[in-house]
Amino acid sequence: MEKICDLHIHSRYSGGTSNLINVRKLAQNCRLKGIDIVGTGDCFHPLWIREINLHLEEDSDGLLTFPSIPQVKFVLQSEVELLWKQNSTLKKAHFIVLFPNSDKLKDVSEFLASFGNLNKDGRPKLNISPEKFIVNLESFDKMIEVIPAHIFTPFYGILGNNLQFDSLKEALGDGINFVHAVETGLSADPTMIRGILELNNLSIISNSDSHSLNFYRLGREATVLDLNRVTYQEIIKSIRDDRIIKTYEFNPSEGKYYYDGHRSSRHRSNDSYFCSPKRNVIYCPVCGNTLTKGVLSRVYELKDSEIPMKENFQYIIPLLHLISIVNGGSEYDNKNVALYRNIVEATNGEFNIWENNTDFYPIPYELREVINKIKSGNYWFIPGYDGVYGKLQLGQSINHI
Ligand SMILES: [Zn+2]
Ligand SMILES: [Zn+2]
């Protein structure tokens with residue numbers, strides 16, 4: 001059976017997140033949006049895990065459920081920031097961790113407490129190398145899954161520009177033997193990963209990395225898995241065996257780190273600057289400092305092969321964002337959220353809009369026209385750069401790169 005999964009989110013205990021996030025609302029919003037399996041986010045944080053234990057019921061297969069919303073299953077999940085010295089420089093990278101049950105999570109939490117403060121940030125900073133981290137977690141339980149997060153992003157992606165590793169093997173050491181998948185991140189898609197020979201035997205997953213409950217953040221990227229049964233073991237096996245039916249992707253140019261550039265807040269003049277990596281601009285024409293190199297630039301550097309794509313993926317744009325474009329206002333306006341709720345109740349989740357003909361759904365004509373434009377590729381983005389999202393442009397796509 002096909003299950004739509006979002007295996008990387010955050011709780012209100014991570015930096016820069018909404019303080020409205022709680023497990024009940026997460027379950028409610030995932031049900032409405034059509035997400036079947038969601039990460040808990042931040043499962044090392046004592047206050048968040050207390051809330052999880054209080055409100056979710058753990059089954060014998062390691063998945064958790066909010067009792068009145070049985071359609072949505074939670075997986076114990078956290079993102080971690082690892083800090084270590086390698087090649088005489090300080091490296092920082094993000095990884096997703098998934099746990100088979102709360103007993104294993106408890107054991108690993110006790111082990112990791114000596115490498116960093118788990119009470120502080122929901123995404124803990126841990127002074128440990130990825131090799132030591134991955135090899136040790138594997139020794140706790142072979143079903144604990146560690147997945148490099150948003151691998152190409154400049155500051156914390158393991159293959160991102162700032163870390164300057166030539167290969168995943170160099171970065172992970174023997175840890176690479178226990179890594180089975182990588183996460184694309186919002187500024188990359190599977191085609192960008194498949195240009196790199198070393199990554200060819202790894203599965204590709206996509207997740208939202210959501211920092212809020214909002215319908216345009218949750219599930220903005222997702223992975224559709226083929227599961228025989230809805231259990232933790234099956235989720236991990238289907239990732240490891242590459243039984244990934246498809247991923248739903250941001251168009252990479254919408255992501256915050258696609259092009260090279262400097263955002264306006266870096267400059268006293270408030271001017272921003274961005275450019276295609278093909279122009280190979282190193283220094284910012286506004287401030288003279290080194291530009292933040294984007295994901296596309298990094299992929300050009302690492303690309304070493306032409307591997308035929310075997311992945312099936314589809315670009316989507318959050319429906320609530322499209323509603324706010326058609327109706328005006330923001331994704332937080334009550335009238336836009338109310339229309340969103342009416343539509344997804346009728347369509348049984350947002351993803352069905354991208355799979356099926358929308359003519360039969362109660363969707364206003366103008367909005368349906370916009371959805372059809374997106375489906376037919378009749379749109380483009382002013383590309384994102386240096387932490388600024390790309391801006392959607394409807395209409396004839398142009399060769400803007
Ligand atoms: Zn991250
Ligand atoms: Zn600058």
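What you see is a predicted model; the values in this text were computed from it and never measured.

Caption draft 1: Structural view of the overall build of the chain. For the chain, the count of helices and strands is twelve helices and 17 strands. Here the chain has a C-alpha radius of gyration of 21 Å; the compact-globule value for 401 residues is 21 Å, and the two agree. Counting only C-alpha atoms, the chain reaches 55 × 55 × 45 Å along its principal axes. When the 401 residues of the chain are sorted by exposure, 49% land in the buried category. Excluding contacts between residues fewer than 6 apart, the proportion of contacts in the chain whose partners are at least 24 apart in sequence is 66%.

Caption draft 2: Looking closely at the domain arrangement of the chain. Here the chain is partitioned into domain 1 (2–254), domain 2 (260–293) and domain 3 (319–383). Computed over C-alpha atoms only, the centres of domain 1 and domain 2 are separated by 31 Å.

Caption draft 3: Local environment of the nonpolar core. Counting 108 residues, the largest nonpolar core has Val75, Phe95, Val97 and Leu98 as its most contacted members. Filtering out sequence-adjacent residues up to four positions away, Val97 remains in contact with Gln77, Ser78, Val80, Leu137, Ile144 and Val146.

Caption draft 4: The arrangement of the environment of Ile134 in detail. Along the polypeptide, Ile134 turns up in helix H4 (residues 130–140). Considering only alpha carbons, one finds Ile134 and Ile176, 42 residues apart in sequence, at a separation of 8.3 Å.

Caption draft 5: Spotlight on the pairing of strand E1 (residues 2–6). As defined by bridge partners, E1 adjoins strand E11 (residues 222–226) across four bridges and the pair is classed as antiparallel. Within E11, the residue paired with Cys5 across the bridge is Thr223. Looking at chain direction, E1 and strand E2 (residues 37–39) are connected through two bridges and run parallel. Looking at the pairing, Asp6 lines up with Val38 of E2. At this point the chain moves from E1, through helix H1 (residues 23–33), to the parallel E2, and the crossover so formed is right-handed.

Caption draft 6: Representation of helix H2 (residues 46–55). Listed in full, the buried residues belonging to H2 are Trp48, Ile49 and Ile52. Each buried residue of H2 sits inside an arc of 95° when the element is viewed along its axis, so together they form one side. Away from its buried face by more than 90 degrees, H2 exposes Pro46, Arg50, Asn53 and Leu54. Looking at the buried residues of H2, the elements they touch are H1 and strand E4 (64–66).

Basis of the calculations
Numbering of residues begins from 1 in every chain and follows the order in which that chain's sequence is written. A letter from A marks each chain and a number from 1 marks each ligand, given out in the order of writing. At least 70 in pLDDT is required for a residue's local features to be given in this predicted model, at least 80 for side-chain atom pairs to be given and counted, and no such filter applies to totals for whole chains, interfaces and linings, which use all residues. Numbering of helices and strands starts at the N terminus; helices are DSSP runs of H or I of at least 4 residues and strands are runs of E of at least 2. Both definitions apply: the radius of gyration is a C-alpha atom measure, and the globule rule equals 2.2 Å times residues to the power 0.38. A residue is called partly exposed when the number of other C-beta atoms within 10 Å of its own lies between 12 and 20, exposed at 12 or fewer, and buried at 20 or more, with C-beta atoms placed from the backbone. With C-beta atoms placed from the backbone, a contact is any residue pair whose C-beta atoms sit within 7 Å. Where each domain starts and ends follows an automatic or database-derived domain assignment. Only buried Ala, Val, Leu, Ile, Met, Phe, Trp, Tyr and Cys residues enter a nonpolar core, and they are joined through C-beta atoms within 7 Å. We call two strands paired when DSSP finds no fewer than two bridges between them. Handedness is read with the strands pointing away from the viewer; a crossover is right-handed when the path from the first strand over the helix to the second is clockwise. Note that the arc is defined by the directions from the helix axis to the C-beta atoms.

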